[in-house]
Amino acid sequence: MTAGLPAGGQRRRLALTGVRGPVAKGREFTRQALRDWGWDGTDTSEDTLLLVSELLTNAALHAGGCHELVLTAGETLRIEVCDGTTTLPSRHPAPQRGIPGGHGLYIVERLSDRWGAAAHGHGKSVWAEIEAARLVSGMPKGR
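Numbering of residues begins from 1 in every chain and follows the order in which that chain's sequence is written. Where totals are concerned, whole chains, interfaces and linings use all residues; where local detail is concerned, this predicted model gives features only for residues with pLDDT of at least 70, and gives and counts side-chain atom pairs only at 80 or more. For side-chain calculations, the full set of non-hydrogen atoms in the structure is used, while hydrogens and water are omitted.

Chemist: Honestly, the overall build of the protein chain in this entry has me stumped. Any pointers?
Modeler: The number of helices and strands found in the protein chain is four helices and five strands. Scanning the protein chain from its N terminus toward the C terminus, one meets helices and strands in the order β-α-α-β-β-α-β-β-α. Across the protein chain, contacts joining residues at least 24 apart in sequence account for 63% of those joining residues at least 6 apart. Total accessible area on the protein chain is roughly 7600 Å²; 53% of this is exposed by carbon and sulfur atoms. Counting from the N terminus, the helices are the DSSP runs of H or I reaching at least four residues and the strands are the DSSP runs of E reaching at least two. Should any heavy atoms of two residues lie within 4.5 Å, those residues are considered in contact. In short, Shrake-Rupley with a 1.4 Å probe defines the accessible areas, and a residue's cover is counted only from the protein chains shown.

Chemist: Honestly, the nonpolar core in this entry has me stumped. Any pointers?
Modeler: It is characteristic of soluble globular proteins that their nonpolar side chains tend to be buried jointly. One finds Trp-39, Leu-69, Leu-71, Leu-77 and Ile-79 to be the most contacted residues of the largest nonpolar core, which totals 28 residues. At the level of secondary structure, the elements contributing two or more residues to this core comprise helix 1 (22–36), helix 2 (43–62), strand 2 (66–73), strand 3 (76–83), helix 3 (104–111), strand 5 (123–131) and helix 4 (132–137). In terms of residue count, helix 2 provides more of this core than any other element does, six residues in total. Apart from the residues within four sequence positions on either side, Leu-71 is in contact with Gln-10, Arg-11, Arg-12, Phe-29, Thr-30, Ala-33, Trp-37, Leu-77, Arg-78 and Ile-79. Joining through side-chain atoms within 4.5 Å is the link that ties buried Ala, Val, Leu, Ile, Met, Phe, Trp, Tyr and Cys residues into a set, and such a set is a nonpolar core. To sort residues, take the accessible area from a 1.4 Å probe on protein chains only and compare it with the maximum for the residue type: under 20% means buried, over 50% means exposed, and anything in between is partly exposed.

Chemist: Before we go on, may I ask you to explain the environment of Leu-34 in this structure?
Modeler: Structurally, the position occupied by Leu-34 is in helix 1. As a C-alpha pair, Leu-34 and Ser-45 span 11 residues in sequence and 7.2 Å in three-dimensional space. The residues touching Leu-34, leaving out its near neighbours within four places in the chain, are Trp-39, Asp-40, Ser-45, Thr-48, Leu-49, Leu-77 and Leu-135.

Chemist: Teacher, can you tell me more about the packing of aromatic side chains here?
Modeler: Whether two aromatic rings pair depends on their centres lying within 6.5 Å, for rings of Phe, Tyr and Trp, where Trp uses its six-membered ring; planes under 30 degrees apart make the pair stacked, over 60 edge-to-face, and the rest tilted. By the definition in use, this model includes one aromatic pair. Taken together, a centroid distance of 5.9 Å and an interplanar angle of 70° make the contact between Trp-37 and Trp-39 edge-to-face. One exposure class covers both Trp-37 and Trp-39, and it is buried. A positively charged side chain is recorded as over a ring if its NZ (Lys) or CZ (Arg) lies within 6 Å of the ring centre. The angle to the ring normal must also be within 35 degrees. The lysine or arginine in question, Arg-78, covers the ring of Trp-127, its NZ or CZ lying 4.2 Å from the ring centre.

Chemist: How should the pattern of salt bridges be read in this particular structure?
Modeler: The salt bridge definition used is simple: a Lys or Arg side-chain nitrogen within 4 Å of an Asp or Glu carboxyl oxygen. Inspection of the entire model under this criterion finds nine salt bridges. The partner of Asp-113 in a salt bridge is Arg-134, and the shortest N-O contact between them spans 2.9 Å. In this pair, Asp-113 is assigned in the loop between helix 3 and strand 4 (114–120) and Arg-134 in helix 4, connecting sequence segments 21 residues apart. Connected via shared salt-bridge partners are Arg-78, Glu-80, Arg-114, Glu-129 and Glu-131.

Chemist: Looking at this structure, how should I read the sheet that holds strand 4?
Modeler: Adjacent strands of a sheet pair through backbone hydrogen bonds, lying either parallel or antiparallel. The criterion for strand pairing is that DSSP finds at least two bridges linking the strands in question. If you walk across this open sheet you meet the five strands as 1-2-3-5-4, and the pairing is antiparallel. Only two strands of the sheet have a single neighbouring strand rather than two, namely strand 1 (10–15) and strand 4. Each strand of the sheet is rotated relative to its neighbour by a mean of 15°, with strand direction disregarded. Where strand 4 and strand 5 come together, seven bridges link them in antiparallel fashion. Note on strand 5: the bridge partner recorded for Trp-115 is Ala-128. Against the sheet, helix 2 contacts strand 2, strand 3 and strand 5, and its axis sits at roughly 15° relative to strand 3. Working convention: axes come from line fits to C-alpha atoms, limited for helices to the stretch in contact. Angles between N-to-C directions cover 0 to 180 degrees.

Chemist: Honestly, the side chain of Thr-44 in this entry has me stumped. Any pointers?
Modeler: By secondary structure assignment, the location of Thr-44 is in helix 2. Look at Thr-44 and you get buried, because its relative accessible area is 0%. Within the structure, Thr-44 has its side chain in polar contact with the backbone oxygen of Arg-134 (distance 3.3 Å). With near-sequence residues (within four places) excluded, Thr-44 lies in contact with Ile-130, Arg-134, Leu-135, Gly-138, Met-139 and Pro-140. Pairing of N or O atoms within 3.5 Å defines a polar contact, subject to two protein rules: one partner must be a possible hydrogen donor and the other a possible acceptor, and residues neighboring in sequence count only if both atoms are side-chain atoms.

Right, dumping it as structure tokens:
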């Protein structure tokens, strides 16, 4: 195991179907996981919490609700939100400044190292990844 990395393949799941306040619950769940894995208290850990918020908010507002949040830690941290529609998300080409809405996936793209989505069964998963090296160093993307 590399210093600063949790044992490979650690995975945590949070069921969110029918849960009130899924964004707050998902943020707290993620905050605790980052703390347990030694990846808390940095700019990158704050970026991670914002990613979780954006993915959960998008699921709640545009995709039939949040069903599950899955965090997988190893060489990367993978944040995965399962929702209730098979319609894949698309990022607005150029969100307009000062106008609410349309910024969520732009934020996800800017803060994560990779992101994507995959339809399955009765919904989809939208995911984002952050390299563990960034979580260990605490350095935001692009620095």
